[in-house]
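The chain contents come next:
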Amino acid sequence: MDADARRIRELERGFRRDGLPNLIVDLSATEDIFTRAVPFLAVVFMLEIVNALAVNASWASLLLALAGAVVLLGGFGLLNVLRGRRFLAIPQRFGIPELVVFVTLPALLPVVFGRQFRFGVTTVLVNVAILVLAYVVVGFGLIFIVRWVVVRLFALLGGSMIVLVRAVPLLLFFSLVSFFTTEIWQVFTTTGLATFWTAVGMFVLLGMGFLAVRLPGVVREVLAESHLGDVPLRRRERVNLALVALISESLQVGFVSGAVWLFYVLLGALLVSADVRDAWLLQPSTVVWDVAWFGERVQVTTALLRVATGVAGFAGLYYAVTILVDSAYRDQFVDTLTEELRDTFRRRAEYLGLLQRQGAAVAPVEPG
């Protein structure tokens, strides 16, 4: 491998570390995305086999499991042979045949051996969802994006200091007033666990929706302030960049929500005594943590954790709306994100130059 090829591979690894794998020109779902997910998919595959066949501990169950394992192993082995590989070779290309085998074979076992048709359909749907998740996580570098953002979180928060100074005092005032009310404690503690987490999930989804509204504008502004050379970003590269921006803002919102949650857990433990809880709540609450504090009892209860979580969820939604409508935050966030990505785009220009020198086509060809 010559120096240019080694440098190209090094730059591609750097794009993955930056959470922008789609900057790689010849990124392939079959050779670069699903193949990297093979260890995870293999574990899921084997767990589904065990789950489908472990109906009881009888000899019939054992023989059924062995027969199913032979069928599955033979299916993948035959696929390897048809592709010109060794029978037990790890696939270097995870294409349509391999995907079909992954989705259908674990679903066929309970259908063929146990006539569990509903279980088989459920398995197919779950496997399709797993493949979509694997494509998003690996194909868009989700784990690397989170790592990249966490490393730069305080720089991004520093860039949004103005909106923090504006939003947090008002947020704390309204949340403080609502926190010390009987109705809030009763609403968040009398609902079932599933209903409670569904409501918190609604806060999260609404917040993500508000953040997603402004993503196209963020991407356009970042690209306008960046030096991309003669080759603009392709559509999937812009989507990857939008995902970086979304996760960056989501983790900022999560940081603010986490700080609010911790604040109210501490405040509630100090100020909401057992007598006050008994007067507010319609049912007893479990004490999670109890400690002596200067002759008094400081308690963290399940009710307090629920109320703090509900208030923090609302705080995160409020902060997401605030950064959506605050123009000063938008400008500062774009400037900070552009500065953090400046080196990535510089390396992209070098990468495309090396590919062109090797005769590769680098200009995006997309439908207008």
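Conventions we followed
- Residues numbered from 1 in each chain as written.
- Predicted model: local features only at pLDDT ≥ 70, side-chain atom pairs only at ≥ 80, totals over all residues.
- Heavy atoms only, no water.
- Helix = DSSP H or I, 4+ residues; strand = E, 2+ residues; numbered from the N terminus.
- Buried < 20%, exposed > 50% of the residue type's maximum accessible area, 1.4 Å probe, protein only.
- Contact = heavy atoms within 4.5 Å.
- Areas by Shrake-Rupley, 256 points an atom, 1.4 Å probe, with all protein chains shown as cover.
- Pairing = 2+ DSSP bridges.
- Core = buried A, V, L, I, M, F, W, Y, C linked by side-chain atoms within 4.5 Å.
- 1 Å grid on protein atoms, 1.4 Å probe; cavity = no way out; pocket = protein on both sides within 12 Å on 5 of 7 lines; lining within 4 Å.
- Points joined across faces, edges and corners; volume = space filled by probe spheres on them.
- Nonpolar A, V, L, I, M, F, W, Y, C, P; charged D, E, K, R; others polar.
- pLDDT = per-residue confidence, 0-100.
- Axes fitted to C-alpha atoms, helices over the stretch in contact; angles between N-to-C directions.
- Parallel < 35°, antiparallel > 145°, perpendicular 65-115°, else oblique.
- Left-handed = near helix turned anticlockwise from the far one by under 90°.
- Phe/Tyr/Trp six-rings, centres within 6.5 Å; stacked < 30°, edge-to-face > 60°.
- Lys NZ or Arg CZ within 6 Å of the ring centre and 35° of its normal.

Engineer: What is the right way to look at the overall build of the chain in this model?
Structural biologist: On a plain count of helices and strands, the chain comes out with 16 helices and two strands. Out of the 368 residues in the chain, the part that is buried amounts to 43%. Contacts in the chain between residues far apart in sequence, at least 24 positions, make up 78% of those at least 6 positions apart. Total accessible area computed for the chain in this model is approximately 19,800 Å², and 69% of it derives from carbon and sulfur atoms.

Engineer: Would you explain the pairing of strand β2 (residues 296–301) in this entry?
Structural biologist: Every regular strand shows the same layout, with side chains that alternate between the two sheet faces. Examined bridge by bridge, strand β1 (residues 287–293) and β2 share six bridges and lie antiparallel to one another. Across the sheet, the residue bridging to W289 is V300, located in β2. A loop of two residues connects β1 with β2, the two strands running antiparallel in sequence, and F294 in this loop sits at a positive phi of about 50 degrees.

Engineer: Even after reading the chapter, I still don't get the nonpolar core, so can you show me in this structure?
Structural biologist: The tendency in soluble globular proteins is for nonpolar side chains to be buried side by side. Counting 89 residues, the largest nonpolar core has W185 and L337 as its most contacted members. Ranked by residue count, the leading element in this core is helix α13 (residues 235–271), at 14 residues. Other than its neighbours up to four places away in sequence, W185 contacts F179, V272, R277, W280, L281, A303, L304 and V307.

Engineer: Honestly, the layout of surface pockets in this entry has me stumped. Any pointers?
Structural biologist: In this approach, a probe sized like a water molecule rolls over the atoms, and the result shows the empty space that is left. The calculated volume of the second largest pocket comes to roughly 250 Å³. The biggest single contributor to the lining of the second largest pocket is helix α11 (residues 193–213), with six residues. A class-by-class count of the residues in the lining of the second largest pocket yields nine nonpolar, six polar and no charged.

Engineer: Explain the confidence of the model for the chain to me, please; I cannot follow it from the model alone.
Structural biologist: Low-pLDDT portions of the prediction should not be read for the details of their coordinates. Scored by pLDDT, the chain has a mean of 82; 83% of the residues are at 70 or more. Across the chain, α11 holds the top mean pLDDT of 92, while helix α4 (residues 59–82) sits lowest at 62.

Engineer: Help me understand the packing of helix α7 (residues 142–151) against α13 in this model?
Structural biologist: Helix-helix packing is described using two parameters, namely the angle between the two axes and the distance between the axes. Two numbers describe how α7 lies on α13: the axes approach to 10 Å, and their chain directions differ by 50 degrees. By the angle between their directions, the pair α7 and α13 is classed as oblique. As for the relative orientation of α7 and α13, their crossing is right-handed in sense. Where α7 abuts α13, its residues L142, I145, V146, W148, V149 and V150 lie against N240, L243, V244, I247, S248 and L251. A breakdown of the residues in the contact of α7 with α13 according to their chemical character gives 10 nonpolar, two polar and no charged.

Engineer: Would you mind going over the packing of aromatic side chains with me for this structure?
Structural biologist: A full pass over the atoms with the stated rule returns 13 aromatic pairs. Centre to centre, the rings of W293 and F294 are 4.9 Å apart; their planes meet at 85 degrees, and the pair counts as edge-to-face. Classification of W293 as partly exposed rests on a relative accessible area of 49%. Residue classification places F294 among the exposed positions, given a relative accessible area of 74%. Ring pairs connect the aromatic residues F179, F180, W185, F263, Y264 and W280, which therefore count as one cluster. Here the basic side chain of R306 rests over the ring of F196, its NZ or CZ set 5.0 Å away from the ring centre.

Engineer: Would you mind showing me how to read the environment of F102 here?
Structural biologist: As for its placement among the helices and strands, F102 is situated in helix α5 (residues 96–114). A residue is classified by how much of its surface remains accessible, and F102, at 2% relative accessible area, is buried.

Engineer: Before we go on, may I ask you to explain the side chain of E249 in this structure?
Structural biologist: Following the sequence through the fold, E249 ends up in helix α13. Residues within four places of E249 in sequence aside, it is in contact with L211, R214, I323, Y329 and F333.

Engineer: Sorry, what's going on with the environment of A224 here?
Structural biologist: Inspection of the secondary structure puts A224 in helix α12 (residues 215–225). Linking A224 and T338, residues 114 residues apart in sequence, is a C-alpha distance of 9.5 Å.

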